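# Structure at a glance
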Amino acid sequence: MDLSQNVKTVEERLAAAARAAGRDPAEITLCAATKVQTDDTIRAAIAAGIRLCGENRVQELTAHLEANAYAGAEVHFIGHLQTNKVKQVVGKVSLIHSVDSDRLLQAIEVQADRLGLIQDILLEVNVAREESKGGCLPEALPALAELAAGCPHVRLRGLMAIPPVSTVSGANRKYFAQMRHFLVDIIGKMSDNQSVIDCLSMGMSADYEDAVAEGATLVRVGTALFGPRPPVGPRI
């Protein structure tokens, strides 16, 4: 695996997708999804130009932070977050992508208050209504966004989604377009919010170009950078 070449290739494809959509490539942020990667691989990715890492598992996040593996890069939490793990994440990452319930939102607010900080978050939307995935249903999004706006130690920055896995080019564009609509709707309804709601996190290795075409501002790419992931153990 030539990690440096992979980073270059993904960045070039992102830029081309942005230009094809009439967008400035600078509007798109590449997040390297570092699930199951070693400390050394993460350091190599940062040396190759990665400036943002996204971690899926609290255990891995904690271990990589202790090893200072993310030095030189920003860190986001992009995986499912259980309320009993909130203390290990709030204040440790600059953005939590996967807030999908009142209970989780309130737990983040409480911990951020304890630490005396404001935690940036995204609301995760189950845009395809898949039973196997997290995320609030679209009809629950306005109320959850309103609740987030009322939390003094939480700053709502935007939305995140994980559409269905598809091997057909363009299959997820309808879901990405829906997410863009949801974001515009939330921005309109939250015009009095002090937050800057400008992030639309969607698109992964198989479909990030389609996501960019539909308005993504951040894409989470793992396999296209690091190659196929080895099997992982149970979530801890």
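Each remark here, short or long, concerns the structure printed above.
All of the points below concern the structure found in this document. Think of each chain on its own: its residues are numbered from 1, step by step along the sequence as written. With pLDDT at 70 or above as the cut-off, local features in this predicted model cover only qualifying residues; side-chain atom pairs require 80 or more to be listed or tallied, and sums for whole chains, interfaces and linings still use all residues. Side-chain metrics in this entry use all non-hydrogen atoms of the structure; hydrogen atoms and water are not considered.

Across soluble globular proteins, nonpolar side chains show a tendency to be buried alongside one another. The term nonpolar core refers to a set of buried residues drawn from Ala, Val, Leu, Ile, Met, Phe, Trp, Tyr and Cys, joined through side-chain atoms within 4.5 Å. A simple rule labels every residue: compare its accessible area, found with a 1.4 Å probe on the protein chains alone, to the largest value its type can have, and call it buried under 20%, exposed over 50%, or partly exposed in between. Formed by 64 residues in total, the largest nonpolar core has its most connected members in L81, I96, I108, I121, L123 and M179. With residues up to four places along the chain from it excluded, the contact list for L81 reads V58, V86, V89, I96, S98, L104 and I108. Membership of the second largest hydrophobic core comes to 7 residues, among which are C31, L52, L95 and L122. Residues count as neighbours in contact if any of their non-hydrogen atoms are within 4.5 Å of one another.

Looking now at the pairing of strand β2 (residues 52-55). Each helix corresponds to a stretch of at least 4 residues labelled H or I by DSSP, and each strand to a stretch of at least 2 residues labelled E; elements are numbered beginning at the N terminus. Of the two faces of β2, both are covered, the one formed by L52 and G54 as well as the one formed by C53 and E55. Paired strands, as defined in this entry, are two strands with at least two bridges between them according to DSSP. Strand direction decides the pairing type here: strand β1 (residues 29-33) and β2, joined by 2 bridges, are parallel. In the strand pairing of β2, A32 is matched with C53. Orient the strands so they point away from the viewer, and a crossover whose first-strand-to-second-strand path over the helix runs clockwise is right-handed. After leaving β1, the chain enters helix α2 (residues 39-47) and then returns to the sheet as β2, a path that is right-handed.

All right, on to the environment of R157 then. Along the chain, R157 falls in strand β6 (residues 154-161). R157 sits 56 residues away from A213 along the chain, and the two C-alpha atoms are 20 Å apart. The residues contacting R157, other than those within four sequence positions of it, are L95, D120, I121, L122, V196, I197, D198 and C199. Any pair of N or O atoms that falls within 3.5 Å is considered a polar contact. Within protein, one atom must be able to donate a hydrogen and the other to accept it, and sequence-neighbouring residues count only if both atoms are side-chain atoms. Within the structure, the side chain of R157 is placed 2.8 Å from the backbone oxygen of V196, a separation counted as a polar contact.

Nothing here speaks to function; it is geometry throughout.
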